[in-house]
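Secondary and tertiary structure notes
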Amino acid sequence: MQNKKYDVLVIGGGIAGYYSSKYLAKNGKAVALIEKKNLGGTALRWGALPVKKALDWFKKDRKKDLNFSWDKDLKILENKIDVALKDEKVDIYYGEGEFIDSKSYKVKDILLEGEYIIIATGTEPISVPEIPIDRDKIITHREAIDFKFIPENTIVLGGNVEGVEFAAIYAEMGVNITLIEKEDMLLPGNDEDLVFPIE
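Residues numbered from 1 in each chain as written. Predicted model: local features only at pLDDT ≥ 70, side-chain atom pairs only at ≥ 80, totals over all residues. Heavy atoms only, no water.

Some words on the nonpolar core
Operational definition: To define a nonpolar core, start from buried Ala, Val, Leu, Ile, Met, Phe, Trp, Tyr and Cys residues and group those joined through side-chain atoms within 4.5 Å. Think of it in three bands: with a 1.4 Å probe and only protein chains considered, a residue is buried below 20% of the maximum accessible area for its type, exposed above 50%, and partly exposed in between. Here, residues are in contact when the closest pair of their heavy atoms is within 4.5 Å.
Ranked by internal contacts, the top residues of the largest apolar core, which has 14 residues, are Val31, Leu33, Ile81, Leu85 and Val90. Setting aside residues no more than four positions away along its own chain, Val90 makes contact with Ser21, Ala25, Val31, Leu33 and Leu85. In this structure, Val51, Ile145, Phe166 and Tyr170 belong to the second largest nonpolar core, which totals 12 residues.

Spelled out as structure tokens, the structure:
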């Protein structure tokens, strides 16, 4: 088994992992970034960025049979992230890993040791009790951004940035949207004067 030592190990190649790794490396730290599958994270791959791009595309084209693909742009984006990290001398490791102790993390046959470890693994969508995500009727942002099937009616559960943006683009496509947020306002945590036009 290979053994490599770093100042910092960053687990997760999304936005938080990317900026943490880049900043630390720029400031002279030896950094290893570990990503399970693809660089970019939820926001770039299935969330706010592709939704903004799709909404802009649709408003310009105004077609109901939206034929939007994020795949090509996503590959370009992944490559840019990869190059930017490697330019800062960040070592990137891909694969599922496990903690060995508080300062070491194993990925495949490589044991990575770090004085500090940053966990930036992001989030996973959850459903409500007794209504499991089946990726057919109950879907997540990953299925929603594919636009393979445009329903007549949709409930968007969650009035945060991502929920509002998905609601907006599906509404532009003629879908009847019901947006549900458990707090007493949409976009909780944002200034009321910014939220008011949306509500």
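So that's the structure; there's more coming.
Considering the side chain of Glu35
Stated formally: Strands here mean DSSP runs of E at least two residues long; helices mean DSSP runs of H or I at least four residues long; both are numbered from the N terminus. Positive charge is attributed to Lys and Arg, negative charge to Asp and Glu, and no charge count is given to His or to the chain ends. By definition, a salt bridge exists where a carboxyl oxygen of Asp or Glu is found within 4 Å of a side-chain nitrogen of Lys or Arg. For this analysis, a polar contact is any N or O atom pair within 3.5 Å, provided that within protein one partner can donate a hydrogen and the other can accept it, and provided that sequence-adjacent residues contribute only side-chain to side-chain pairs.
On the secondary structure map, Glu35 appears in strand 2 (residues 31–35). We note that Glu35 is buried and unpaired, the nearest opposite charge coming from Lys36 at a distance of 6.8 Å. A polar side-chain atom of Glu35 sits 2.6 Å from the main-chain amide nitrogen of Gly13. Here Lys37 takes part through its backbone nitrogen, which lies 2.9 Å from a polar atom of the side chain of Glu35. Discounting residues that sit within four places of it in the chain, Glu35 has contacts with Gly12, Gly13, Gly14, Tyr93, Tyr94 and Gly95.

Brief notes about the pattern of salt bridges
Counted under the stated rule, the structure contains 3 salt bridges. Two residues, Glu115 and Lys103, come together in a salt bridge whose shortest N-O distance is 3.0 Å. With Glu115 in strand 6 (residues 110–119) and Lys103 in the loop between strand 4 (97–101) and strand 5 (104–107), this pair connects stretches of sequence that are 12 residues apart. In this structure Glu115 comes out as partly exposed when scored by relative accessible area, which is 44%. Glu143 is paired through a salt bridge with Arg135; the nearest N and O atoms lie 2.8 Å apart.

Some points on the sheet that holds strand 4
The line we're drawing: Only strands that DSSP links by at least two bridges are regarded as paired with each other. Axes, fitted as lines to C-alpha atoms, cover a helix only where it is in contact. Angles between the N-to-C directions of the axes lie from 0 to 180 degrees.
Judged by pairing direction, the sheet is mixed, and its 6 strands sit side by side in the order 3-2-1-6-5-4 without closing on themselves. Looking along the sheet, the strands with just one partner apiece sit at the ends: strand 3 (91–94) and strand 4. In this sheet, adjacent strand axes meet at a mean angle of 40 degrees when their direction is disregarded. Pairing of strand 1 (residues 2–11) with strand 2, which is carried by 4 bridges, proceeds in the parallel orientation. Counted as the bridge partner of Ile11 is Ile34 from strand 2. Sheet strands touched by helix 1 (residues 15–26): strand 1, strand 2 and strand 6. Its angle to strand 2, the strand with the most contacts, is close to 165 degrees.

Observations concerning the pairing of strand 1
The following threshold applies: We call a crossover right-handed when, viewed with the strands running away from us, the connection from the first strand over the helix to the second turns clockwise.
Of the strand pairs in this sheet, strand 1 and strand 6 are connected by 9 bridges, and their pairing is parallel. Counted as the bridge partner of Lys5 is Glu113 from strand 6. Of the crossover connections in this fold, the one passing from strand 1 over helix 1 to the parallel strand 2 is right-handed.

Considering the layout of surface pockets
Going by this rule: Any residue with an atom within 4 Å of a point lines the site, the site being either a cavity, points on a 1 Å grid over the protein atoms alone where a 1.4 Å probe fits but cannot get out, or a pocket, an open set with protein on both sides within 12 Å along at least 5 of 7 lines. Grid points are joined across faces, edges and corners, and a volume is the space filled by probe spheres set on the points. Any residue outside Ala, Val, Leu, Ile, Met, Phe, Trp, Tyr, Cys, Pro, Asp, Glu, Lys and Arg is labelled polar, Gly included; the first ten of those are nonpolar and the last four are charged.
Estimated volume of the largest pocket: approximately 1,600 Å³. Looking at the largest pocket, it is lined by 42 residues, and the ones nearest its centre are Ile139, Thr140, His141, Val156 and Leu157. Of all the secondary structure elements, the ones that give two or more residues to the lining of the largest pocket are helix 2 (41–45), helix 5 (141–144), strand 7 (153–157) and helix 6 (161–172). In the lining of the largest pocket, the residues fall into 21 nonpolar, 11 polar and 10 charged. Taken as a whole, the second largest pocket spans an internal volume of roughly 620 Å³. Around the second largest pocket, the lining comprises 27 residues; the ones closest to its centre are Glu35, Lys36, Gly41, Thr121 and Glu124. Broken down by element, the lining of the second largest pocket gets its largest block of residues, 4 residues, from helix 2. Across the lining of the second largest pocket, the residue classes tally to 8 nonpolar, 12 polar and 7 charged.

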